[in-house]
Structures are given as C-alpha cells and as structure tokens.
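# Geometric and topological summary
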Amino acid sequence: MKQEFTITVYTENQIGLLNRIAIIFTRRKINIDSLNTSPTEVDTVHRFTIVINETEDVVRKLCRQIEKQVEVLKAYYNTNDEIIWQEMALYKVPTDVIAEKAKVERLLRERGARVVAIRQDYTVFETSGHREEIEGLIKALEQYSLIEFVRTARIAIIKDSKGFHAKLKEFESEQPAEELVENEFLNQQDKVFSM
Amino acid sequence: METLELIKEETTASKVENISGSEAVMRALIAEGVETIFGYPGGAIMPIYDALFDHDETLKHILVRHEQGAIHAAQGFARTSGKTGVVFATSGPGATNLVTGLADAQIDSTPVVCITGQVFAHLLGTDAFQETDVINITTPITKWNYQVTDANEIPSALAKAFYIASSGRPGPVLIDITKNAQVQKFDFAGYKKCDHIRSYRPKPIVRKEYIEEAAKLINEAKKPFVLFGQGIILGQAENEFKAFIEKAGIPSAWTILGLSALPTDHPLNVGMLGMHGNYGPNVLTNECDVLIAIGMRFDDRVTGRLDKYAKQAKIIHLDIDPAEIDKNVKATVPVWGDCKETLPLLTELVDRKEHKEWLQKFREHTKQEEEIVIEKEMHPSGEEMSMAEVVDVLNELTGGNAVIVTDVGQHQMVGCRYAKFNQSKSNVTSGGLGTMGFGLPAAIGAKYGAPEREVVAIIGDGGFQMTLQEMGTIMQYGAAVKILILNNNFLGMVRQWQELFNAKRYSFVDIQSPDFVTIAKGYGIEGKSINSRKDLKAALQQMLDHKGSYLLEVMVGKENNVFPMVPQGCSVAEIRLK
Ligand SMILES: Cc1ncc(C[n+]2csc(CCOP(=O)(O)OP(=O)(O)O)c2C)c(N)n1
C-alpha cells in the first residue's frame with residue numbers, strides 16, 4: 001500500500017550530491033513530492049528531507065540505494081506518525097480586502113497567520129503547519145482575491161533521533177569533514193587569460 | 001613496521017615541491033602502482049599528456065582508436081589483473097565516448113578510474129569549445145565522480161578515486177580536471193593513498209547471528225543449491241568458496257560473470273544459470289530447498305519470471321552491497337559482508353556432507369541436455385559448422401588455460417556455455433549491459449592485464465564491426481590477441497528472437513560484412529577465413545601458434561539457435577531444450 005514517507009538523508013556537503021540523490025528517484029520514475037536541503041546541528045553535515053508517496057518496500061530499497069552513495073552518511077525513512085513536521089507558506093492578499101472585510105481578518109487570526117509585510121496595495125502573511133492546514137487557508141483565501149501563494153518543502157524532525165544525534169557529534173569530532181571546494185574562477189572570467 | 005611507515009610519511013611530507021597539477025596526476029598514478037593507461041589526447045587534456053611525455057618509461061600509454069576502446073580495454077585489464085584500469089580522455093566528445101564503457105563498468109562492478117580533461121574553470125557553463133557537463137552525464141553510471149578545479153585538490157581527489165573504485169563493490173570513478181588545474185603550479189606535499197572516507201562503508205559489518213542462521217539452514221537442507229557470481233572473483237575468494245562448497249557438498253552454478261571462479265571440471269560445478277544457461281541449474285532452482293546466492297545480484301536474465309522464482313526455497317544471500325539484498329529476491333537470511341570473510345565463517349559452521357542423490361539429479365538433467373542439445377551442437381549432422389564445435393575444438397587446443405573474451409550475442413552465450421576454464425579471472429564478457437563492441441578492446445586490455453596468458457576474443461560479425469578500429473591499437477603496440485570471429489552473416493541473437501517470437505520476420509538483422517581477413521591485413525594482422533569443418537582444428541592451432549595477433553574467421557551456420565532458452569517472461573523451470 002502506498003503512503004506518505006519522509007526520507008531523511010544525512011550527507012556530506014558536496015556539489016553534485018543533490019543530483020546523485022535526485023536521480024535515484026527519477027530513474028525509477030518516482031515523483032518527489034517535496035525536497036528540502038538544510039544544515040544540521042553538526043557543522044559539516046547536511047540533511048535532505050524528501051517526501052514521496054510509495055510502498056514501504058520501495059522506500060526501503062530507495063534508502064539502501066541512497067546510502068550506497070559515497071557521500072551519504074545515513075538515510076532514514078519514516079511514516080508521518082514517527083515525525084514532527086511542518087511546511088510554511090506565504091500568502092499575498094490585497095490590503096484593502098483585509099481592511100474592509102472583518103471576516104478575512106478573523107480567518108487569518110484563527111489560522112494563526114502572521115503578518116510579514118504590509119504595503120498599501122498588498123499584505124503578506126505567513127503560516128506554518130501541515131499540508132492540509134495550509135491548503136485549507138488557501139481555499140478560504142481564494143474567494144478574497146488571493147494574489148499569490150507559495151509553500152515550502154516539508155521539514156521534519158524524527159521523534160526518535162537522539163541516538164543518531166549523539167553518534168553524529170562523536171563522528172564529526174573524530175573525523176572532521178573535508179572542506180568544500182567551489183569554482184572560484186567563474187566570476188573572474190575577464191581577468192583570466194586562456195588558450 | 002609502524003615506525004618505519006611513520007618515518008616514510010614524514011619524509012614525503014617534509015619535502016614540499018612546487019609542481020603542476022598535471023605532474024601531480026603522474027605522481028598519483030605512479031604511487032598507485034599504475035603501469036598501463038589507455039587513452040586518447042585532445043585540447044583539454046593536453047597538459048596531462050605533456051606531463052606524461054616525461055614518464056613514458058614508468059607509465060605505459062596505449063593510444064586507442066576511440067575512447068570507447070580505451071575504457072573497454074581498461075575493463076578487460078581490470079578483469080584479468082584484478083587491478084584498477086586507468087583511462088585518459090579529453091573533454092566533450094572524448095568524455096562522452098566513455099559513456100557506454102562507464103555504464104558497462106558500473107553494472108558489472110569493474111574498477112576503472114577515468115581522468116577527463118575539462119575546459120578552464122572560468123569557462124564552465126559558457127558552452128565553451130568542447131565543454132560538456134561530464135559530471136552530470138556520468139553521475140548515474142559512476143560509483144563516484146568529481147570535478148577538480150584547483151590543482152591542490154588533485155592528490156586527494158585521485159587518492160579517493162582509486163580507493164573508491166577498488167574497494168567494497170568496485171566500480172568506475174571519473175575525475176574531471178579543468179585545464180587551469182592541470183597547468184596550475186602548487187605546493188605538492190607528497191601523495192598519500194586513501195584508506196578511509198568517513199561517509200563511505202565499503203564493507204558492511206559481518207553479523208555473526210546471520211552466519212549462524214545461514215549455517216543452520218544449510219545443515220538442515222536436503223537439497224541445497226549454490227548460485228555464485230562475480231563477487232567471488234572480485235573478493236578474491238575462490239579458495240574460500242571452494243572450501244565451502246566442498247565441505248557442505250553443495251552443487252554450484254554460476255552467472256556468466258561468476259564464470260571461471262570455479263574450474264569447469266570441478267565435480268560440484270553444475271553449470272550456467274539463466275536464459276541460455278544449463279538445463280539442470282534452471283529447472284532445479286525451482287526444486288531446491290535452500291538457495292545460497294553468493295556475490296550475485298539476481299539479474300532478470302538469471303531469474304526469469306520473479307514471481308515464479310525459487311518460491312519453494314529458503315534463500316540465503318551473501319553480498320557485499322547491502323542494496324542488493326532483497327532488491328529482486330527476498331532473502332530469508334541476509335549475510336552482509338565481503339565473502340572472503342563471510343565464507344570461512346560459514347564453512348566452519350556447516351556440517352561436512354555429500355548430497356549424492358541431489359547431485360545425481362543435476363547429472364540426470366545434464367544428460368538430457370547433452371542428448372537433446374549439446375550432442376547436436378558439438379557434432380552437427382550437416383556441413384555447416386556450429387559455434388559450439390568451434391569452442392569445443394578451441395578447448396581441446398588451449399586445455400582450458402586461455403582467457404576467453406566474448407562480445408555480445410549468440411557467440412557470447414555459446415562461448416560462456418562451452419568454454420572450459422581451469423583458473424579464475426579467465427572469462428571477460430559484458431554481462432549486465434550486453435555491450436556489442438566490447439570484445440575486441442576488452443581483449444586488448446585483458447592481454448595487458450595478463451601478458452603471459454593466451455587471450456582469445458570470440459566475436460560476432462556484427463559486434464566486431466562496432467569496434468574493429470582497435471585493430472589499429474594492436475598494430476601499433478602488438479598486443480598478441482587472437483581474434484576468433486564466428487560469422488553467421490546475421491545479427492544472430494536478434495535473428496533468433498525474431499525467429500522464435502516474431503514469426504521469422506527478419507527485420508534488419510542480415511548484416512553484411514567486409515572481408516575481415518583483408519581488413520586485418522591492412523592493419524598488419526595475419527588472418528584466415530575458413531568454412532569447412534576439416535580445416536577447423538588446423539586453423540585454430542595456427543591461430544594459437546601465431547606469435548602476434550591473429551584473426552580467424554569461421555563461417556558458421558546462418559540460422560542456428562542457442563538452446564536451452566528461458567523465454568522472456570517465463571519461469572526458469574519453463575526452460576526450453578528446443
Ligand atoms: C551496442 C549494442 N547494440 C545493439 C545490441 C542488441 N544486440 C544484442 S545481440 C545482437 C546481435 C549480435 O550479432 P553478432 O555480433 O553478429 O553476434 P551473434 O549474435 O550473431 O553471435 C544485437 C544487435 C547490443 N547488445 N549492443
């Protein structure tokens with residue numbers, strides 16, 4: 001049975017790794033519902049949070065393929081009840097609508113929306129929550145001339161991650177990471193003589 | 001011992017030299033013990049070739065005729081030598097010509113390090129001349145790849161490359177070096193081999209409890225059956241493997257990449273698995289009670305229809321790559337680890353046994369196959385020669401001591417089915433990718449990997465025409481490869497399928513060939529073409545006796561089929577003998 005799984009991948013910070021991980025899904029024609037990259041509590045370790053809708057069997061195999069990549073430290077998969085997760089969204093609504101309609105103001109207050117920016121012509125709100133909550137608010141705002149909307153990828157924390165956190169810390173202190181080398185020549189094109 | 005090493009490290013570390021990135025590449029290759037490089041130069045890799053010019057005594061460079069030839073040669077080299085093959089190619093088309101070989105090495109777990117030149121770092125992303133995004137093109141077909149834009153990275157990038165390519169489950173690695181990094185001078189503090197990468201686990205930890213469980217299953221088994229793959233050869237565990245099956249008395253069958261890990265005439269060697277494998281191993285897969293898969297990955301050409309594959313059996317899977325466990329066939333007991341370590345542990349726990357009756361069953365199936373298939377193949381009634389009889393006479397003349405390289409198609413299946421082997425690392429073929437054109441260049445590499453051995457490349461008339469330009473490489477460097485073309489005037493394997501499954505609608509499979517002997521002559525390679533059985537033995541003998549490379553074309557029956565065959569979509573038990 002397919003269901004939503006959140007895959008958490010701990011990795012080195014390496015250029016190209018995003019592609020290496022992404023193609024593990026695309027090669028099998030599996031849609032990535034959401035993907036977020038983020039630093040972790042350990043300086044040099046990065047994490048990817050990937051959401052897909054698949055059977056557990058497939059997800060387990062995907063995680064093994066991900067872990068097989070040289071720069072991947074660990075890949076976990078979890079169902080929604082094993083994680084705390086949030087998505088964030090920004091909504092842009094005409095300021096006059098909010099000013100005129102008390103209903104809108106009440107709606108935003110009820111949903112815990114925060115004002116991020118107020119301009120004469122529009123106001124930007126932010127909420128965070130589960131997908132359904134965010135989608136609910138969009139639906140509600142649609143009738144009040146919602147101008148623009150954007151939602152982030154899911155970020156998630158595994159409820160039972162204490163053990164790994166300790167390991168990660170120990171790991172980094174014992175075996176510090178290599179530095180990331182970026183292409184520093186790209187913005188010096190005019191100064192470089194080449195032939 | 002330890003102090004000695006320490007002192008050595010210190011002296012190299014204290015001697016900082018200012019050298020170019022290209023020179024650092026040479027130092028790295030020498031430190032890794034590389035002696036042979038297969039390559040082709042071009043603009044973006046010229047500084048590396050310039051550095052190579054000063055090292056041509058230590059680093060032998062073989063100039064191939066096409067970069068695909070370079071990587072297949074490196075693969076052949078790796079397969080017979082057990083060492084990592086090394087390839088040089090330029091940016092853009094040079095690098096893209098490596099793609100087929102990289103994919104082949106990736107799926108067949110062959111250790112290869114490719115070094116490609118790349119445009120100057122400041123030109124990346126500008127569609128510069130011969131700029132291709134090689135890193136992204138090769139990501140799915142490399143075990144690891146990395147782009148170097150600064151000479152300071154070269155020693156560590158190459159150290160990692162060699163370590164990753166050869167450790168754990170081996171595979172191809174590509175290092176793309178921008179031209180500025182090749183010419184850049186930097187302070188080289190000595191080359192340090194890599195033996196550890198913090199995020200990389202080449203070998204999973206061996207779990208004793210699984211070994212114990214596996215031993216228990218094996219000891220209780222009445223009809224145990226071993227399937228072995230290239231893992232045995234890559235893990236250099238041939239002896240450990242033999243000790244295991246001999247003690248437990250288990251009949252053992254091979255995948256085409258596992259071929260030669262166990263001598264052909266070993267009493268427990270029951271033959272080949274898969275689509276064109278032997279009758280017994282396929283049928284009895286669905287009768288055994290415990291299936292022990294060692295260093296193999298249950299490829300679909302081996303398993304046939306998965307939902308009817310060995311359903312009655314408990315499955316023990318030994319593999320170094322955890323991603324292989326449960327990938328295609330669910331394991332009852334997974335034995336993660338390097339089989340060189342796990343097999344002796346298992347051998348210790350298994351009871352000494354002989355499964356006489358069970359082994360007898362294999363023999364009975366062999367007999368049936370001999371009567372219905374093999375006898376006819378070996379001694380055809382008509383005038384046309386069969387591929388199998390050619391291989392049979394070859395066996396007689398080489399005594400099973402040659403390295404046999406095959407291309408892809410019917411002759412490959414026949415070669416694998418009938419060639420005899422006395423020692424490991426003797427069969428070189430493109431298994432997972434099935435790359436036509438692999439044979440000739442791989443044979444050249446195989447010869448460099450095992451110079452003292454006879455190397456015979458068995459190639460079809462179709463596949464030979466894909467990479468025959470590598471005869472130029474033979475001409476120039478003299479690799480004494482014996483080229484045996486089995487010419488059926490067809491793209492035989494495809495024709496066979498069209499005959500069996502497309503009502504003989506032979507759609508674009510009747511391929512014309514040039515006069516191969518004349519072409520070979522143009523390359524300074526002697527040769528002969530025969531079409532009569534009476535000339536076969538003498539011609540093969542002449543080919544083997546010839547000092548340098550030699551091409552022998554044998555005209556074989558046009559419409560012969562390879563049997564047995566597990567038709568696609570059928571279970572292994574539904575294998576057809578005709
Ligand atoms: C590069 C490549 N293209 C196409 C194929 C598909 N294919 C597999 S076997 C075969 C026929 C090979 O013919 P030939 O080389 O004459 O060998 P034969 O089967 O006759 O022994 C073809 C076209 C392939 N495996 N590789």
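Residues numbered from 1 in each chain as written. Chains lettered and ligands numbered in written order. Predicted model: local features only at pLDDT ≥ 70, side-chain atom pairs only at ≥ 80, totals over all residues. Heavy atoms only, no water.

Our working rule: UniProt positions are given in the numbering used here, feature names are shortened, and annotations may be inferred rather than shown by experiment.
Chain B is annotated in an unreviewed UniProt entry as Acetolactate synthase of Parafilimonas terrae. The annotation that UniProt attaches to chain B under Catalytic activity (unreviewed entry) is "2 pyruvate + H(+) = (2S)-2-acetolactate + CO2". UniProt, in its Sequence similarities (unreviewed entry) section for chain B, records the words "Belongs to the TPP enzyme family."

As recorded in an unreviewed UniProt entry, chain A goes by the name Acetolactate synthase small subunit, listed as coming from Parafilimonas terrae. The heading Subunit (unreviewed entry) in the UniProt record of chain A holds the text "Dimer of large and small chains."

## Concerning the overall build of chain B
To keep things clear, this is the line we draw: Numbered from the N terminus, helices here are DSSP runs of H or I no shorter than four residues, and strands are runs of E no shorter than two. Between the two quantities, the radius of gyration covers C-alpha atoms and the globule rule is 2.2 Å times the number of residues to the power 0.38. When accessible area is computed with a 1.4 Å probe and restricted to protein chains, residues below 20% of their type maximum are described as buried, those above 50% as exposed, and intermediate ones as partly exposed. Only heavy atoms matter for contacts: two residues are in contact if any of them lie within 4.5 Å across the pair. Reported accessibility uses the Shrake-Rupley method at a 1.4 Å probe radius. Residues are deemed covered only where the shown protein chains occlude them. Only four residue types enter the charge count, namely Lys and Arg as positive and Asp and Glu as negative; His and the chain termini do not. Here the site of a charge means NZ on Lys, CZ on Arg, CG on Asp, or CD on Glu.
Summing up its helical and strand segments, chain B has 24 helices and 20 strands in all. For a compact globule of 578 residues, the expected C-alpha radius of gyration is about 25 Å, and chain B comes in at 24 Å, within 12% of that figure. In chain B, which comprises 578 residues, the proportion classed as buried is 62%. Taking contacts inside chain B between residues at least 6 apart in sequence as the whole, the part at least 24 apart equals 78%. Carbon and sulfur atoms provide 51% of the accessible area of chain B, an area that totals close to 22300 Å². Separation of charge centres in chain B, based on 58 positive and 71 negative side chains, amounts to 5 Å.

## Some details on the sheet that holds strand β2 (residues 34–39) of chain A
Sheet strands pair by backbone hydrogen bonding; their relative direction is either parallel or antiparallel. Residue and element names in this part refer to chain A. Quick reminder of the rule: Each pair of strands is called paired provided DSSP finds at least two bridges between the two strands. Comment: axis = line fitted to C-alpha atoms, over the contacting stretch for helices; angle = value between 0 and 180 degrees taken between N-to-C directions.
Sheet architecture is open: four strands sit in the order β2-β3-β1-β4, paired in antiparallel fashion. Across the chains shown, the open sheet's two edge strands, defined by having one partner strand only, are β2 and β4 (72–79). Neighbour-to-neighbour, the strand axes of this sheet turn through a mean angle of 15°, independent of strand direction. Sheet analysis places strand β1 (residues 3–12) next to strand β3 (residues 45–54), joined by 10 bridges and oriented antiparallel. Counterpart to Thr11 in the pairing with β3 is His46.

## Some details on the domain arrangement of chain B
All names here are of chain B. Note the threshold: Boundaries of every domain are those given by an automatic assignment or by a domain database. Once two parts are joined, some of their accessible surface, as seen by a 1.4 Å probe, is lost; buried area is that loss totalled over both. Salt-bridge detection follows one rule: a side-chain nitrogen of Lys or Arg within 4 Å of a carboxyl oxygen of Asp or Glu. Counted as a polar contact is a pair of N or O atoms within 3.5 Å, where, for protein atoms, one must be capable of donating a hydrogen and the other of accepting one, and residues adjacent in sequence contribute only when both atoms are in side chains. Charged residues are taken to be Asp, Glu, Lys and Arg, nonpolar residues to be Ala, Val, Leu, Ile, Met, Phe, Trp, Tyr, Cys and Pro, and polar residues to be all remaining types, Gly included.
Along its sequence, chain B is carved into domain 1 (14–188), domain 2 (208–362) and domain 3 (380–568). The distance between the C-alpha centroids of domain 1 and domain 3 comes to 31 Å. Each partner contributes to the interface: domain 1 provides 25 residues, whereas domain 3 provides 28 residues. Between domain 1 and domain 3, roughly 2000 Å² of surface is buried when both sides are summed, and carbon and sulfur atoms account for 63% of that area. Of all residues in domain 1, the largest losses of buried area upon contact with domain 3 belong to Arg65, Arg79 and Thr80, amounting jointly to 32% of the total for that side. Here domain 1 and domain 3 share zero salt bridges between them. Counting every contact that joins domain 1 to domain 3 gives 12 residue pairs in polar contact (both at pLDDT 80 or more). Breaking the side of domain 1 that touches domain 3 down by element, the ones donating at least two residues are β2 (36–39), β3 (60–63), α4 (67–81) and α6 (99–107). Of the residues forming the side of domain 1 that touches domain 3, the biggest block, 10 residues, is contributed by α4. Across the side of domain 1 that touches domain 3, the residue classes tally to eight nonpolar, 12 polar and five charged.

## Description of the UniProt feature "domain: ACT" (unreviewed entry) in chain A
In the numbering used here, UniProt assigns the "domain: ACT" (unreviewed entry) feature to residues 6–80 of chain A. Span residues 6–80 of chain A is 29% helix and 41% strand, its end C-alpha atoms 7 Å apart.

## What about the domain arrangement of chain A?
For chain A, the domain assignment lists domain 1 (3–83) and domain 2 (85–151). On a C-alpha basis, the centroid separation for the pair domain 1 of chain A and domain 2 of chain A is 31 Å.

## With respect to helix α2 (residues 56–67) of chain A
Residues and elements named next belong to chain A. Heads up, the condition is: Helix span, expected: 1.5 Å multiplied by one less than the number of residues in the helix. This arc is built from the directions going out from the helix axis to the C-beta atoms.
Look at α2: 16 Å from first C-alpha to last across 12 residues, which is about the 16 Å you get at 1.5 Å a residue. Listed as buried for α2 are Val59, Leu62, Cys63, Gln65 and Ile66. Across the axial projection of α2, the buried residues extend over an arc of 160°, all falling on one side. Residues of α2 that are buried sit in contact with β1, α1 (17–26), β3 and β4.

## Concerning the pattern of salt bridges
Summed over all chains, the structure comprises 38 salt bridges over all chains. Of the charged contacts, one joins Glu54 of chain A and Lys2 of chain A as a salt bridge, the two residues approaching to 3.7 Å between their closest N and O atoms. Taken as a pair, Glu54 of chain A in strand β3 and Lys2 of chain A in the segment before β1 lie far apart in primary sequence, 52 residues in all. Using a relative accessible area of 52% as the deciding quantity, one classes Lys2 of chain A as exposed. Between Asp299 of chain B and Arg297 of chain B there is a salt bridge whose closest N-O contact spans 3.3 Å. As far as burial versus exposure is concerned, Asp299 of chain B and Arg297 of chain B are alike and both buried. If you follow the salt bridges from partner to partner, you end up with Glu4, Glu87, Arg131, Glu135, Arg151 and Arg154 of chain A in one network.

## Re the site of the ligand
Residues and elements named next belong to chain B. To be explicit about the condition: We call a residue near a molecule or strand as soon as one heavy atom of that residue lies within 4 Å of the molecule or strand.
By nearness alone, 18 residues border the ligand, and Gln410, His411, Gly434, Gly463 and Gly492 come closest of all. At 2.9 Å, a side-chain N or O of Asn488 approaches an oxygen atom of the ligand. When the ligand sits alone it has 590 Å² of accessible area, and the protein chains cover 76% of it. Elements represented by at least two residues in the shell around the ligand include exactly α18 (410–418), α20 (461–467) and α22 (492–501).

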